[in-house]
Amino acid sequence: MDLIYGAADGFLSISVMQDKDWEGLARATGRPDILLDPRFADAELREVNREARLTLTQSIVAGFKRDELLARLEAAGVPCAPALTRTEMRHHPQIAANKTLIEYDHPVAGRLRQARTPAQFLGTPTSLPSPAPALGEHTALILGDTKACEPAK
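If you're wondering where the values come from, they're calculated on a predicted model, not measured in any experiment.

Attention now moves to the packing of aromatic side chains. The final tally for this structure, using the stated rule, is one aromatic pair. Summarising the aromatic geometry, the rings of Trp 22 and Phe 40 are spaced 5.4 Å apart at their centres and angled 55° between planes, so their arrangement reads as tilted. Of this pair, Trp 22 sits in helix H1 (residues 19-29) while Phe 40 sits in the loop between H1 and helix H2 (43-48), placing them 18 residues apart in sequence. Residue classification places Phe 40 among the buried positions, given a relative accessible area of 1%.

Our next topic: the environment of Thr 87. As for its placement among the helices and strands, Thr 87 is situated in helix H5 (residues 86-90). Sequence-wise, Thr 87 and Ala 109 are 22 residues apart; in three dimensions their C-alpha atoms are separated by 21 Å.

The next subject is the nonpolar core. Leu 12, Ile 14, Trp 22, Ile 34, Val 61 and Leu 73 are the most contacted members of the largest nonpolar core, which totals 22 residues. Elements represented by at least two residues in this core include exactly strand S1 (2-7), strand S2 (10-15), H1, helix H3 (50-61) and helix H4 (66-75). Other than its neighbours up to four places away in sequence, Leu 73 contacts Leu 12, Ile 14, Leu 25, Ala 28, Val 78 and Cys 80.

Reading guide: rules and limits
- Residues numbered from 1 in each chain as written.
- Predicted model: local features only at pLDDT ≥ 70, side-chain atom pairs only at ≥ 80, totals over all residues.
- Heavy atoms only, no water.
- Phe/Tyr/Trp six-rings, centres within 6.5 Å; stacked < 30°, edge-to-face > 60°.
- Helix = DSSP H or I, 4+ residues; strand = E, 2+ residues; numbered from the N terminus.
- Buried < 20%, exposed > 50% of the residue type's maximum accessible area, 1.4 Å probe, protein only.
- Core = buried A, V, L, I, M, F, W, Y, C linked by side-chain atoms within 4.5 Å.
- Contact = heavy atoms within 4.5 Å.

Treat this as a map of the structure, not an account of what it does.
Here is the structure:
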């Protein structure tokens, strides 16, 4: 079960469905005692005792700084990820590498930032977003005035 846990200075997601992941959590956090608790002896019992497992995991996680715990969990092979704030997300290297956020100038609102079109196809570039039309801007076009569609000379 993937859930978000609160560390001392941020949030992270940890998945401990498999026995190896539960064992990795115990190693990474220095809590081998959780492996002796009969309520959590296998995946089925960890799910049956879900609330107790979640409470225990949160109490363990709360004592760690997020990035330190992520490093420990990754070294132990436990599936995990940071839960990023908006600022952290905007500055994340993967966001820049994928060009997920774009900025453009809106004629009224000024400079805007938003997510790019999610689907990207080779050889078919997407266009920048355009602002919503102003009130009445396309009335002539909609009513069939073809002269209104001609570019100004």
